[in-house]
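Geometric and topological summary
Read off the chains here:
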Amino acid sequence: MKKISIALVALAFIISCNSSKNVSEPIVNSVDTKIVKSLFFIDSVTVKKHLYTLASDDMEGRRAGTAGIEKAAKYIENEFKRIGLTTFESLETYRQTFNFKPRSSKEEITSANIIGVLEGKSKKDEYVIVSAHYDHLGNEGKGEDKIYNGANDDASGVTGVLALAEYFKKVGNERTIVFAAFTAEEMGLIGSTHFGKGIDATKFVAGINLEMIGKVPSFGPNTAWLTGFERSDFGKIIQRNLKGTGYQLFPDPYKNFNLFFRSDNASLARLGVPSHTFSTTPIDVDKDYHKASDEAETLNMTVITQTIQAVAKGTESIINGKDTPTRVILNEKK
């Protein structure tokens, strides 16, 4: 009991920490290292590696159809391979390549969703999708810094997808999990819409979308908010699973922004899937949103790591088939 008490104190201390340091660092000398590692099951070092790589200048803003996003695609593919994911349905590789014409251009673009799969055990024909978009705005900004690095939007979300893939590969999953990095979200949810056209939506029991999870929310530390909270009981399931963890999930506080329909969750929600987006960013006052200043150094590694852990814990009962969210209710604003 003494070790457990010390560990709980340590956990409370770390959860309250709001720095960008490795989350285990503050108490390495005061508690058993094995206990610390068991409490923090998402590796903050790997989280930082993913984020800084995807948001680097080398990726040139990851605009769909450019050499920069191709570098990001290869990085995600290599991570899926390292983790041990399989390909999706009839695809021969992790890429779902397709052509499209953006609304703002007459030129056709070739791009790809990057998709990996962890087959389930007892419920392998029931799918949960974990997604984020890996594209951003490119390198045509004004001023001295022309690269829109998109660290928060949405390298942070893709970092979450990769970390969750590695986590569930280790702990197992009863339902099949599809991990998707969508392209061309910034051009109008094009990648996720294309994906949705080729699936049997009735097999998808939930959609877990991650968008801009790198900053402290308006609700304070150790919190996140969920879009479309009232449209299914998905959010209530997450809240129940997070009880006692010190982490809280709230409904989206920015109703006037219509955010439920502005991220890739909407493409599956329109098919009836209870698909929602987790975010932490106070978007109403965020000075870096769609700016060249959205760089990795502006984000909080502790927030990202803890949010990924909260998503893993909060969705565990869905992943393992204990809970099935109600189908989503739509009343889309035109």
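Our structure is the block above this text.
Secondary-structure assignment places histidine 136 in the loop between β3 (123-133) and α5 (151-171). When its relative accessible area of 2% is taken as the criterion, histidine 136 is described as buried. Within the structure, histidine 136 has its side chain in polar contact with the backbone oxygen of aspartate 153 (distance 2.8 Å). Ignoring sequence-local partners within four residues, the contact set of histidine 136 consists of Gly61, Arg62, Arg63, Tyr148, Asn149, Gly150, Asp153, Glu186 and His290.

So, on to the environment of threonine 159. You can see threonine 159 is positioned in helix α5. Assessed through its relative accessible area of 0%, threonine 159 is described here as buried. Considering only alpha carbons, one finds threonine 159 and lysine 48, 111 residues apart in sequence, at a separation of 8.4 Å. Beyond its immediate sequence surroundings of up to four residues, threonine 159 is in contact with Val47, His50, Leu51, Leu54 and Ile308. At 3.3 Å, the side chain of threonine 159 and the backbone nitrogen of leucine 51 are in polar contact.

Relative to each other, helix α4 (residues 67-83) and α5 sit at 10°, their axes nearing to 10 Å. Classified by the angle their axes make, α4 and α5 are roughly parallel. When α4 is examined against α5, the residues Tyr75, Ile76, Glu79, Phe80, Arg82 and Ile83 are found in contact with a partner set consisting of Val158, Leu162, Ala165, Glu166 and Lys169. Each residue belonging to the contact of α4 with α5 can be placed in one class, and the counts come to seven nonpolar, no polar and four charged.

Let's shift gears to the environment of threonine 223. Checked against the element boundaries, threonine 223 lands in strand β6 (residues 223-226). The exposure class assigned to threonine 223 is buried, which follows from its relative accessible area of 4%. Along the backbone, threonine 223 and phenylalanine 250 are 27 residues apart, and their C-alpha atoms lie at a distance of 7.4 Å.

The subject of this paragraph is helix α6 (residues 190-197). The set of residues buried in α6 consists of Ile190, Gly191, Ser192, Phe195 and Gly196. The inward-facing, buried residues of α6 abut β1 (95-100), β2 (109-118), β3, β4 (175-182), β5 (204-210) and α8 (265-269).

Okay, the packing of aromatic side chains next. By the definition in use, this model includes 13 aromatic pairs. Measuring from centroid to centroid gives 5.7 Å for phenylalanine 80 and tyrosine 94, while their planes differ by 80°, and the two rings are edge-to-face. Of the two residues, phenylalanine 80 is situated in helix α4 and tyrosine 94 in the loop between α4 and β1; the sequence distance between them amounts to 14 residues. With a centroid separation of 6.1 Å and an interplanar angle of 90°, the aromatic rings of phenylalanine 195 and phenylalanine 204 are classed as edge-to-face. A residue is classified by how much of its surface remains accessible, and phenylalanine 195, at 1% relative accessible area, is buried. On the basis of relative accessible area, phenylalanine 204 is assigned to the buried category, the value being 1%. Members of the aromatic cluster, connected to one another through ring pairs, are Phe88, Tyr127, Phe182, Phe195 and Phe204. Across the ring face of tyrosine 52, the terminal group of lysine 48 is positioned such that the distance to the ring centre comes to 5.5 Å.

In this structure, Ile76, Ile114, Tyr134, Leu164, Phe179, Ile208 and Phe278 are the most contacted members of the largest nonpolar core, which totals 67 residues. Not counting chain neighbours up to four residues away, the residues in contact with tyrosine 134 comprise Arg62, Ile69, Ala72, Ala73, Ile76, Ser111, Ala112, Ile114, Val158, Ala181, Phe182 and Thr183.

Attention now moves to the pairing of β3. Direction of pairing for β3 relative to β4: parallel, over a ladder of eight bridges. Within β4, the position partnered with valine 128 by the bridge is isoleucine 177. Regarding topology, α5 serves as the crossover connection from β3 to the parallel β4, and that connection is right-handed.

Note that the residue after aspartate 153, namely aspartate 154, is joined by a cis bond; omega there is 5°. Inspection of the secondary structure puts aspartate 154 in helix α5. The phi torsion at glutamate 60 lies on the positive side, around 55°, for a residue other than glycine. Its place among the elements puts glutamate 60 in the loop between α3 (44-54) and α4. The class of glutamate 60 is partly exposed, set by a relative accessible area of 29%.

Time to look at empty space enclosed by the protein. Summed over all chains, the structure comprises two cavities of 30 Å³ or more. In this model, the second largest cavity occupies a volume close to 30 Å³. Looking at the lining of the second largest cavity, the elements with two or more residues in it are α7 (234-242) and α9 (301-319). No other element matches α9, which puts three residues into the lining of the second largest cavity.

On the basis of which strands lie adjacent, the open sheet formed by eight strands has the order β1-β2-β4-β3-β5-β8-β6-β7 and mixed pairing. In this open sheet, the two strands that pair with only one neighbour each are β1 and β7 (248-251). Looking at each pair of strands side by side, their axes are set apart by 25° on average, direction ignored. Together, β1, β2 and β4 form the strand contacts of α4, whose direction differs from that of β2 by roughly 15°. Along the sheet face, α7 touches β5, β6, β7 and β8 (275-279) and points at about 160° away from the line of β7.

What counts as what
- Residues numbered from 1 in each chain as written.
- Predicted model: local features only at pLDDT ≥ 70, side-chain atom pairs only at ≥ 80, totals over all residues.
- Heavy atoms only, no water.
- Helix = DSSP H or I, 4+ residues; strand = E, 2+ residues; numbered from the N terminus.
- Buried < 20%, exposed > 50% of the residue type's maximum accessible area, 1.4 Å probe, protein only.
- Polar contact = N/O pair within 3.5 Å; in protein donor to acceptor, adjacent residues only side chain to side chain.
- Contact = heavy atoms within 4.5 Å.
- Axes fitted to C-alpha atoms, helices over the stretch in contact; angles between N-to-C directions.
- Parallel < 35°, antiparallel > 145°, perpendicular 65-115°, else oblique.
- Nonpolar A, V, L, I, M, F, W, Y, C, P; charged D, E, K, R; others polar.
- Phe/Tyr/Trp six-rings, centres within 6.5 Å; stacked < 30°, edge-to-face > 60°.
- Lys NZ or Arg CZ within 6 Å of the ring centre and 35° of its normal.
- Core = buried A, V, L, I, M, F, W, Y, C linked by side-chain atoms within 4.5 Å.
- Pairing = 2+ DSSP bridges.
- Right-handed = clockwise from strand over helix to strand, strands pointing away.
- 1 Å grid on protein atoms, 1.4 Å probe; cavity = no way out; pocket = protein on both sides within 12 Å on 5 of 7 lines; lining within 4 Å.
- Points joined across faces, edges and corners; volume = space filled by probe spheres on them.

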